[in-house]
Amino acid sequence: MSKQVRLFCCLLMLLSFYSYAQDKDNLSEEINVDNLGDNTDEFQETFFKAIAQRAVENPQKAIEELEKCLKLQPKNTAVYYELAKNYIDLGAYDKAETFLKKTLADSKYTENVNIHKQLFYVYSMQKRYDDAIEVAQFIAEKDPVYYQELSNLYLIQNEYQQALQALDRFDATEGLDEFRDQFRMVIYKEGNLLKKGVKYFEGRFQNSLEDTRAATYLMELYRLNNSPEESIKVGIRVQEHSVFNPEINVELALAYLVTRNIPKAKAYSQKVVESLTLEEKDKVKVINTFKAFALQNPDAQDAFVSVLDSALTSEKNSSSKAELGEFYKSRDKEKALDNYKSALRNKPNDFRLITNIIELEVELDKFEDLFNTSEEALQSYPSQALLYYSKGLALNKLKKHQAAIEVLEEGLDYIFEDNKLKRSMFKILKESYLALGEIQKAEAYKKKLIIIAN
């Protein structure tokens, strides 16, 4: 299972556990502890002491009181149930399972869904997924939300068909849902079931041309299944017959890139980056895909630059500026530097942007700018040796040798295993001491350069 899917599944499990934590003390069908039957005053007093201890979040003390209750009433279901809840609070899931099963053995509570939910929680926390699935199947018949839990567990187990069937059951009872559609796509991709996904969303799209979510997913699946032409056909049909969804432009841009139709790819990519409703991730996805295409196809590079220019004009998009800087870096260093600096204004603490700017300012001999860049960056990154080096280099080139020495010698304290950077600092220190006529100190750094080179 891929890292992304594991993260997706973990998120679902966390949401499930959060929901459990919210509900477990407010269950509508719990055992009624207000009616304990004919018991001694000692039993009732001890039992309610246990309830009080749990209320103040002291489960261990509650368990001690409940164990006293068991000595008085060894087969009391209410005690079993309270013990189970307290052991869950302590994370003692084996013992919690034992007492939950004893609770369910009482014919009055065998069908109690909320107690089964707690057993499901116990199995899930132990990663006993087969047992959790069995319990979830029972719960889902009465609470359809657990079909989502079933689907999640089946995906974790790489049982993709069963995961889809669970979603089908949920949809049948609750109707279609955006989150479940997203989850379907995870299953189709992870299980290499692209054709099955095409069939499902194609059926939905044929039934309703206005189901633009189905159309978008259908286009993506066609593209991933090496059928970009079919993806384009769907996009055109949506444009002709239904309320438009801007995500269709994302898929059209990507499909036209796959078919190497540069004019169309450019047109739809510009629509994507100019959109006021699409998320940043959609725009970055198109930009990155177009960049990769342009790097392999020189005839597409002008179109790619036009797309990035559209992004800059429409939204002042920092990601687009950074991409444009990256694109120009080996072609036009001045343009690259301008775009990196524009990106940095929106993301002033992006260290990668800072290092790119420093590299270009060194190459272009812009030492006043290099000093200012380094000085400002040091306010955010006061222990970054690279910034001391770049500031020292700038001061050296600007003939401010004493200041360069002070900065560089301070920066040496922040270098640990980077001998390349250390050599660069030693070299500038040697030059600065020579410029000041301090021959002995210059010779000392010359010797250090020889030692470090060996």
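Going by the structure above, here's the rest.
Residues numbered from 1 in each chain as written. Predicted model: local features only at pLDDT ≥ 70, side-chain atom pairs only at ≥ 80, totals over all residues. Heavy atoms only, no water.

Colleague: Can you explain the overall build of the protein? Please cite residues and give values.
Modeller: Counting its secondary structure elements, the protein contains 25 helices and zero strands. Across the 454 residues of the protein, 49% fall into the buried class. Excluding contacts between residues fewer than 6 apart, the proportion of contacts in the protein whose partners are at least 24 apart in sequence is 52%. When the accessible surface of the protein is totalled, it reaches about 23,600 Å², and 47% of it is carbon and sulfur. (Helix = DSSP H or I, 4+ residues; strand = E, 2+ residues; numbered from the N terminus. Buried < 20%, exposed > 50% of the residue type's maximum accessible area, 1.4 Å probe, protein only. Contact = heavy atoms within 4.5 Å. Areas by Shrake-Rupley, 256 points an atom, 1.4 Å probe, with all protein chains shown as cover.)

Colleague: So what's going on with the pattern of salt bridges? Which residues, and what values?
Modeller: Under the criterion given, the structure shown has 26 salt bridges. Of the charged contacts, one joins Lys281 and Glu279 as a salt bridge, the two residues approaching to 3.9 Å between their closest N and O atoms. Here Lys281 falls in the exposed class, since its relative accessible area comes to 55%. (Salt bridge = Lys/Arg side-chain N within 4 Å of Asp/Glu carboxyl O.)

Colleague: Break down the packing of aromatic side chains for me, citing the residues and quoting the values.
Modeller: The tally for this structure, following the rule as stated, stands at 17 aromatic pairs. Centroid distance Phe179 to Phe183: 6.4 Å. Interplanar angle 15 degrees. Geometry classified as stacked. Of this pair, Phe179 and Phe183 both sit in helix 10 (residues 178–190), four residues apart, roughly one helical turn. Between Phe201 and Tyr217 the ring centres are 5.4 Å apart and the planes differ by 40 degrees, which places this aromatic pair in the tilted class. A residue pair is termed long-range when its members are at least 10 positions apart, and Phe201 in helix 11 (residues 194–207) and Tyr217 in helix 12 (residues 212–224) qualify at 16 residues. Summarising the burial analysis for this pair, Phe201 and Tyr217 share the class buried. (Phe/Tyr/Trp six-rings, centres within 6.5 Å; stacked < 30°, edge-to-face > 60°.)

Colleague: Tell me what's going on with the packing of helix 7 (residues 129–140) against helix 8 (residues 146–156), and back it up with residues and numbers.
Modeller: Their axes nearest at 9 Å, the elements helix 7 and helix 8 cross at an angle of 160 degrees. Judged by the angle between their axes, helix 7 and helix 8 are roughly antiparallel. Regarding helix 7 and helix 8, the two cross each other, and that crossing is left-handed. Residues Tyr129, Ala132, Ile133, Ala136, Gln137, Ile139 and Ala140 of helix 7 touch helix 8, and the partners they reach there are Tyr146, Tyr147, Leu150, Leu153, Tyr154 and Ile156. The residue makeup of the contact of helix 7 with helix 8, split by class, is twelve nonpolar, one polar and no charged. (Axes fitted to C-alpha atoms, helices over the stretch in contact; angles between N-to-C directions. Parallel < 35°, antiparallel > 145°, perpendicular 65-115°, else oblique. Left-handed = near helix turned anticlockwise from the far one by under 90°. Nonpolar A, V, L, I, M, F, W, Y, C, P; charged D, E, K, R; others polar.)

Colleague: Describe in detail the environment of Ala403, supporting the description with residues and values.
Modeller: Relative to the elements of secondary structure, Ala403 occurs in helix 23 (residues 401–411). Linking Ala403 and Ser432, residues 29 residues apart in sequence, is a C-alpha distance of 9.4 Å.

Colleague: Outline helix 8, listing residues and values.
Modeller: For helix 8, the buried fraction is high: eleven of the eleven residues fall into the buried class. With its phi angle positive at about 60 degrees, Asn158 sits one or two positions after the end of helix 8.

Colleague: Go over unusual backbone geometry with me, naming the residues and quoting the values.
Modeller: At Lys127, a position not held by glycine, the phi torsion is positive, near 60 degrees. With respect to the helices, strands and loops of the structure, Lys127 is situated in the loop between helix 6 (113–125) and helix 7. Positive phi, close to 70 degrees, is recorded for Lys399, a residue that is not glycine. Since its relative accessible area comes to 66%, Lys399 is described here as exposed.

Colleague: Which residues make up the packing of helix 10 against helix 11, and what values go with them?
Modeller: Where helix 10 meets helix 11, the closest approach of the two axes is 8 Å, and the angle between their N-to-C directions is 150 degrees. In terms of orientation, helix 10 and helix 11 fall into the roughly antiparallel class. When you trace helix 10 past helix 11, the crossing you get is left-handed. Contacts from Asp181, Arg184, Met185, Tyr188 and Lys189 of helix 10 reach helix 11 at Leu194, Lys196, Gly197, Tyr200, Phe201 and Arg204. Residues that form the contact of helix 10 with helix 11 fall into these classes: five nonpolar, one polar and five charged.

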